[in-house]
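Letter by letter, the chains look like this.
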Amino acid sequence: MNGLDATFAALADPTRRAILARLRGGEATVSELAAPFAMSQPAVSKHLKVLERAGLISRGRDAQRRPCRLEPGPLREAVDWLATYRAFWEDRYQNLDALLEELKGISDERDGDE
């Protein structure tokens, strides 16, 4: 699985998205990340492994702890990829706006002829 595929696969799960949201605020241990969820620590660890394989998080060593931290690279790559589609849709919407203005002008002309 390439990096972009792994990123989107990891982001497909709401628990993993919630973990990433928590890590926006800074490093956290597995225990801290597991606290808000109604699941076991091993279950949260499985989610962390998916996020780590996708490169979205990294785990460090801090004495007795292994804090997790957010890694921005893969998210930046996903945003860059999505940006190309945003430009496509913005162009489409601008074309639609122009067509609607044209149709409105034709309608206004017809209303004036009556």
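Everything here concerns the structure above.
As the structure is a computational prediction, the values presented were derived from the model and not from experiment.

S.K.: What exactly am I supposed to notice about the pattern of salt bridges here?
M.R.: Opposite charge on two side chains permits them to pair, given that their charged atoms come into close proximity. Tallied over the entire structure, the rule returns three salt bridges. Here Glu52 makes a salt bridge to Arg59, at a shortest N to O gap of 3.2 Å. For Glu52, a relative accessible area of 32% translates into the label partly exposed. On the accessibility criterion, Arg59 (19% relative accessible area) is buried.

S.K.: What exactly am I supposed to notice about the nonpolar core here?
M.R.: The tendency in soluble globular proteins is for nonpolar side chains to be buried side by side. Counting residues in hydrophobic clusters, the biggest one holds 17 residues, and the most contacted among them are Leu33, Leu48 and Leu51. Every element with two or more residues in this core is listed here: helix 1 (3-11), helix 2 (14-23), helix 3 (30-34) and helix 4 (41-53). Leu48 has contacts with Ile19, Val30, Leu33, Ile57, Arg59 and Cys68, leaving out every residue within four places of it along the chain.

Cut-offs used in this document
Residues numbered from 1 in each chain as written. Predicted model: local features only at pLDDT ≥ 70, side-chain atom pairs only at ≥ 80, totals over all residues. Heavy atoms only, no water. Salt bridge = Lys/Arg side-chain N within 4 Å of Asp/Glu carboxyl O. Buried < 20%, exposed > 50% of the residue type's maximum accessible area, 1.4 Å probe, protein only. Core = buried A, V, L, I, M, F, W, Y, C linked by side-chain atoms within 4.5 Å. Helix = DSSP H or I, 4+ residues; strand = E, 2+ residues; numbered from the N terminus. Contact = heavy atoms within 4.5 Å.

Geometry only, nothing functional implied.
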